[in-house]
Amino acid sequence: EAGVVQSPRYKIIEKKQPVAFWCNPISGHNTLYWYLQNLGQGPELLIRYENEEAVDDSQLPKDRFSAERLKGVDSTLKIQPAELGDSAVYLCASSPIYRDTLSFGPGTRLTVL
Amino acid sequence: QQPVQSPQAVILREGEDAVINCSSSKALYSVHWYRQKHGEAPVFLMILLKGGEQKGHDKISASFNEKKQQSSLYLTASQLSYSGTYFCGTEKQGAQKLVFGQGTRLTINP
């Protein structure tokens, strides 16, 4: 079984630039999550999808962050414009259903200069 | 509300035992445990549900004390491969949100 795929693995941008991250979950996993992980901290949930519906986006800073999951499979997380404080690892995870075990992708390490 | 893990870090020699605790101030529905090695994705270890039994596999087990809203992860006769940061994730009853603790860094030396 292929794992969760994320790209790019690393991204360096200047502040105020836009950036996008892509995630392909495990086949058949209906629930998809985007997490933010700062250095030395645990993952923090940004948004959770059930199929194509965003069921929990209460932690997503909507003034600059947006996400979509077209057709209930792949997902894209976008930041526009990026700020210095956005430097972190962005993890995508999926699970067959909610409350099941999470399978995490390798993450995208974002550095904002 | 973020669960509190203790200790924040621990260093052991191979073969020694370790206990990592995870506490919440709210009534919990479930506790999840994950391990993350440096530069890698977190990997699932186990889930403990309210009213469920103590879980375990190999030499790693965990318990869930519902009265104290606390979970403990037990690593017996630690191996070098156990090194990494351990995160607990808790779900409050009725919250439908998994919140991770700040992590416990475990270092196993030969």
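Residues numbered from 1 in each chain as written. Chains lettered and ligands numbered in written order. Predicted model: local features only at pLDDT ≥ 70, side-chain atom pairs only at ≥ 80, totals over all residues. Heavy atoms only, no water.

1. Re the interface of chain B and chain A
Then, number 1: In this assembly, 17 residues from chain B lie in contact with 21 residues from chain A.
Then, number 2: For the pairing of chain B and chain A, the buried interface totals around 1,500 Å² over both sides, and the portion due to carbon and sulfur atoms is 51%.
Then, number 3: Three residues stand out in chain B for area buried against chain A, namely Gln96, Lys97 and Phe100 of chain B, and they jointly supply 31% of the buried area on that side.
Then, number 4: Viewed at the interface, chain A and chain B are joined by 1 salt bridge.
Then, number 5: We note a salt bridge from Lys97 of chain B to Asp56 of chain A, for which the minimum N-O separation is 2.6 Å.
Then, number 6: Scanning the region where chain B abuts chain A turns up 4 residue pairs in polar contact (both at pLDDT 80 or more).
Then, number 7: The element that contributes the greatest number of residues to the side of chain B that touches chain A is strand E4 (residues 28-36) of chain B, accounting for 4 residues.
Then, number 8: In the side of chain B that touches chain A, the residues fall into 9 nonpolar, 6 polar and 2 charged. (Contact = heavy atoms within 4.5 Å. Buried area = accessible area lost by both parts, 1.4 Å probe. Salt bridge = Lys/Arg side-chain N within 4 Å of Asp/Glu carboxyl O. Polar contact = N/O pair within 3.5 Å; in protein donor to acceptor, adjacent residues only side chain to side chain. Helix = DSSP H or I, 4+ residues; strand = E, 2+ residues; numbered from the N terminus. Nonpolar A, V, L, I, M, F, W, Y, C, P; charged D, E, K, R; others polar.)

2. Examining the state of the cysteines
All names here are of chain A.
Then, number 1: What the rule picks out here adds up to 2 disulfides over all chains.
Then, number 2: The disulfide partner of Cys23 is Cys92, and the gap between their sulfur atoms is 1.9 Å. Between Cys23 and Cys92 the sulfur-sulfur dihedral comes to about -70 degrees; the bridge is accordingly left-handed. Here Cys23, found in strand E3 (residues 19-24), pairs with Cys92, found in strand E9 (residues 88-95); they are 69 residues apart in sequence, far enough to count as distant. For the residue pair Cys23 and Cys92, the accessibility class agrees, reading buried in each case. (Disulfide = S-S within 2.5 Å. Buried < 20%, exposed > 50% of the residue type's maximum accessible area, 1.4 Å probe, protein only.)

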